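Here is what each chain is made of, one letter per residue.
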Amino acid sequence: VYIRKHPLEIPPPSEKDWLKDDEEDFFLQDPDRKRDVLPQPFRMINKLVMLVFENAMEIIERREMLQEAQKLKVQPTKCFPTAEFQVTGRANCLAASGKYIFVGLSVGLAAFRVSNCKEVCAWDAIKTEICAIHALDLGNEHHVLLAVDEMGLVWLFCFHKESFLLIKILNEVEDISKRSTCVEMALSPGGDYAGVLLQGNTKARLEIYRLPKDSWLKEMEKSPGAAAGLACRERQSSCTSAADIFLLQESAVSANKADAKLSLPVLLLKVKPPKPITGSSFKSPLDALKKVDDGSMLGLGYNHLIKDCQWEQQEAIFRSTYREYLEAEGERESKEEIPRHATFHFLLPSWILQVGPEMKVQPDVPAGISVHWDGSHNLCLYLLNCPLKEKVDSDPKPDVVWPCAAPIACSAVSSCSRYLALACEDATITIWDKHLGYPLSVTAILEERFIRSIHFL
């Protein structure tokens, strides 16, 4: 019989009996495991490898969920090119009109048929590079084109029965130093008018032309050979010498000046940017009232009675009052300059364009234009149905003036020409209904941001 010599006591704990961190879940491990756990540093490597696998599985599951969500969405249709145009030189721009596509090349113009992508006509009389094109279908296989070359010249073409006819260079002058380059151009819906924004060395102006499209149709039908010498039905692939190119250029320009068979466009308006408002030169209020027409509309603010000394006194009071703020902001002497860029739109007849009863108005023909210059608060409206004058006024007065609370940054007209959107520099957007003559909505963006462009969708 075994008899214990000492009383039963709980033995004191020892460090060797403590559980290791890696062995806390020893009771979950397989009891039949014959091998011991991995020694260090292999246990650390095993942990890192398992962590990499777990993270990879999480990424894979997340991507699979995103792929399943993408499959539930409507996938956009992928479009692949079905044909290509073979052009001579470099293609800079293109415009579609009817069943033709007009391409501006580094050596002239080319016309392609949409149905088979074949070139039907080319114009390379003077080997000039075309940088921008606007084209419009006038019906009866008759198209009008405005093209701008690398020198800023505006070329007016008529495309009829697959042949080009140069009508006129709109901004051509004899003295090259006085030439103004084109920075923007537009054709009105229907092709009744054309607008060209020109910039010179120090001045800018907007010219509006009336296009005699009905006369063109009649003249082309009566004399189908009018385009001889300027129109070409096929591109000549043969090489010419420098002298031949010079003679060809001289003949094309002379034909533009004297041998054009179609009616020339008529210059209607020549709008210049508004001048800075200065002190009044009127001696009495009666002199200022004589300059006002009838008082039925707002003007541009030139006919006022504020003297230069009053403005200087007010400026001095402002600077002395807010001197510390001006110094903190870093005061800059801003010199008011005449703006050199304008945005213009052709407008159909509406309530905001009050046309007299003696003027005939067609619902689908523009009745006026809206113009606003950079940095200006005023939206100026000019009527296009005014009677023709022998000499175009170089600085016509606007028929309607809309003053805004802040300078107008950009504007847009809807495709139906009923709605006009104005975005000002204070991040306020106003939508006008031109037919009814009142604003539909005014939206102010909370964070004051500069709006660069606005479009109707």
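For the structure, see preceding data.
These lines cover the structure that appears in this document, whether it is placed above or below.

Quick notes on the rules
- Residues numbered from 1 in each chain as written.
- Predicted model: local features only at pLDDT ≥ 70, side-chain atom pairs only at ≥ 80, totals over all residues.
- Heavy atoms only, no water.
- Helix = DSSP H or I, 4+ residues; strand = E, 2+ residues; numbered from the N terminus.
- Buried < 20%, exposed > 50% of the residue type's maximum accessible area, 1.4 Å probe, protein only.
- Contact = heavy atoms within 4.5 Å.
- Areas by Shrake-Rupley, 256 points an atom, 1.4 Å probe, with all protein chains shown as cover.
- Pairing = 2+ DSSP bridges.
- Axes fitted to C-alpha atoms, helices over the stretch in contact; angles between N-to-C directions.
- Phe/Tyr/Trp six-rings, centres within 6.5 Å; stacked < 30°, edge-to-face > 60°.
- Patch = residues over 30% accessible without salt bridge, like charges linked within 9 Å, V, L, I, M, F, W, Y side chains within 5 Å.
- Salt bridge = Lys/Arg side-chain N within 4 Å of Asp/Glu carboxyl O.
- Lys, Arg positive; Asp, Glu negative; His and termini not counted.
- Charge placed at Lys NZ, Arg CZ, Asp CG, Glu CD.

**A closer look at the overall build of the chain**
The secondary structure content of the chain amounts to six helices and 20 strands. Taking all 457 residues of the chain together, 34% fall into the buried category. By sequence separation, contacts in the chain at least 24 residues apart represent 54% of the contacts at least 6 residues apart. As displayed, the chain has an accessible area near 31,100 Å², and 55% of this comes from carbon and sulfur atoms.

**Brief notes about the pairing of strand β3 (residues 108–113)**
Summarising burial for β3: five of the six residues are buried, a large majority. Of the pairings in the sheet, the one linking strand β2 (residues 100–105) to β3 comprises six bridges and is antiparallel in character. By the bridge assignment, Tyr100 is partnered in β3 with Arg113. The loop that links β2 with its antiparallel partner β3 comprises two residues. Here four bridges tie β3 to strand β4 (residues 119–123), and the two strands are oriented antiparallel to one another. Within the sheet, the bridge partner assigned to Ala111 lies in β4 and is Cys121. Here β3 hands over to β4 after five residues, with Cys117 in that stretch at a positive phi of 60 degrees.

**Structural notes on the sheet that holds strand β19 (residues 428–433)**
As summarised here, the arrangement of the four strands in space is β17-β18-β19-β20, forming an open sheet in which the pairing is antiparallel. Because the sheet does not close on itself, it has two edges, and the strands there are β17 (408–413) and β20 (438–444). Recorded for the sheet is a direction-independent mean angle of 15 degrees between the axes of neighbouring strands. Note that β19 and β20 share six bridges and pair antiparallel. Bridge pairing links Thr428 to Ala444 in β20.

**Some thoughts on the packing of aromatic side chains**
If you walk through the whole model with that rule in mind, you get 14 aromatic pairs. For the pair Phe157 and Phe164, a centre-to-centre distance of 6.0 Å together with 70 degrees between the ring planes defines the contact as edge-to-face. Looking at Phe157, the relative accessible area reads 0%, which means it is buried. The interplanar angle of 45 degrees and the centroid separation of 5.1 Å between the aromatic rings of Phe318 and Tyr322 together place this pair among those described as tilted. The partly exposed category is assigned to Tyr322, whose relative accessible area is 40%. Grouping aromatic residues by their ring pairs yields a cluster made of Tyr100, Phe102, Trp123, Trp155, Phe157, Phe159 and Phe164.

**Concerning a negative patch on the surface**
A cluster of acidic residues, Glu54, Glu58, Glu61, Glu64 and Glu68, forms a negative patch on the protein surface. Following the sequence through the fold, Glu58 ends up in helix α1 (residues 42–72). Among the residues examined, Glu58 registers a relative accessible area of 47% and is labelled partly exposed.

Keep in mind these values describe shape, not function.
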